[in-house]
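# Observations on chain architecture
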Amino acid sequence: MTKAKYQRVLLKLSGEALMGDAAFGISTKMLGYLADEIQDLVALGVQTSLVIGAGNIFRGVAGASAGMERSSADNMGMLATVINSLALQDALEQKGISTRVLSAIPMMTVCEAYSRQKTMHHLRKGRVVIFAAGTANPYFTTDTAAVLRALEIDADLICKATRVDGVYDKDPLKHDDAVKFDSLSYTEVLTRRLRVMDMAAISLAMDNKKAIMVFDMNIAGNMKKAIMGDHIGTLIRGEDNE
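The notes below deal with the structure included here.

## What about helix α7 (residues 199-207)?
- Every buried residue of α7 is listed here: A201, I202 and A205. Looking straight down α7, one finds that the buried residues subtend no more than 95 degrees of arc, so they occupy a single side.
- Of the surrounding secondary structure, the elements contacted by the buried residues of α7 are α5 (142-152), α6 (186-192) and β10 (212-216).
- Where α7 begins, the capping side chain belongs to D198, and its oxygen is found 3.0 Å from the backbone nitrogen of A200.
- Downstream of α7 by one or two residues, K209 has phi in the positive range, about 55 degrees.

## Some words on the nonpolar core
- Membership of the largest hydrophobic core comes to 44 residues, with the highest contact counts inside it found for L11, L88 and F215.
- At the level of elements, β1 (8-13), α1 (28-43), β2 (47-52), α3 (70-94), β5 (128-132), β6 (157-162), β10 and α8 (222-228) are the ones that each hand at least two residues to this core.
- If we ignore the near neighbours within four places in the chain, the residues touching L11 are I38, S49, L50, V51, C159, A161, F215 and M223.
- The next biggest cluster of nonpolar side chains, apart from the first, holds 28 residues, and it includes I158, L194, I202 and I212.

## Section: the environment of G63
- Along the polypeptide, G63 turns up in helix α2 (residues 60-65).
- The class for G63 is buried, based on a relative accessible area of 7%.
- The spatial distance from the C-alpha of G63 to the C-alpha of M76 is 9.1 Å, given a sequence separation of 13 residues.
- If we skip the residues at most four places from it in the chain, G63 touches F58, M68 and A73.

Cut-off values and rules
Residues numbered from 1 in each chain as written. Predicted model: local features only at pLDDT ≥ 70, side-chain atom pairs only at ≥ 80, totals over all residues. Heavy atoms only, no water. Buried < 20%, exposed > 50% of the residue type's maximum accessible area, 1.4 Å probe, protein only. Helix = DSSP H or I, 4+ residues; strand = E, 2+ residues; numbered from the N terminus. Arc of directions from axis to C-beta. Contact = heavy atoms within 4.5 Å. Polar contact = N/O pair within 3.5 Å; in protein donor to acceptor, adjacent residues only side chain to side chain. Core = buried A, V, L, I, M, F, W, Y, C linked by side-chain atoms within 4.5 Å.

Shown next as structure tokens:
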């Protein structure tokens, strides 16, 4: 068996990733596609965990901007991530991949409560772990939750799966002259205010030297290429990292 470069990874997916071609909600076709991609990682023996956003159902910031109290809106968004996590768990289980959803907000009738000890146990057993409900705190995004969980489990790499093939100086879906970066330092991301992850997430990754790979999730096999160490997308790391 070919050995992956990264043995323990955290995959960050946006809630919009689950929509497929729809305007909102969850696409069963996209769930199946994602399950196939994750199955490739599991087959390599990679300890795989995920954090999923909620933009396909409810985004806390959008709710707050529409007049809701921010804490209430964020709490709704965190609960929506549980729905997405359970949907992906079902898709993975249907392919025979043992999966556990661990929620930062305890809800024992539908999933396990998060703890680092439970997470490490499941990963060592070869189970996929999906972290739900963000950090359980308002004002913190699922990007920040992803970096936090990656640090807690000592993941070798954070994989940020997006709709484009890396990080650009401006939105390539809107600007034909957008320039792609093959690699970036955390400082460059912050000073250029590049919209890869929110600033709190990037700062947390920078302080703890946790590398982030940004790539196009819609190209089949890209997840596997990322954890094999192939140069795809954009790699974000410290100036002194190799």
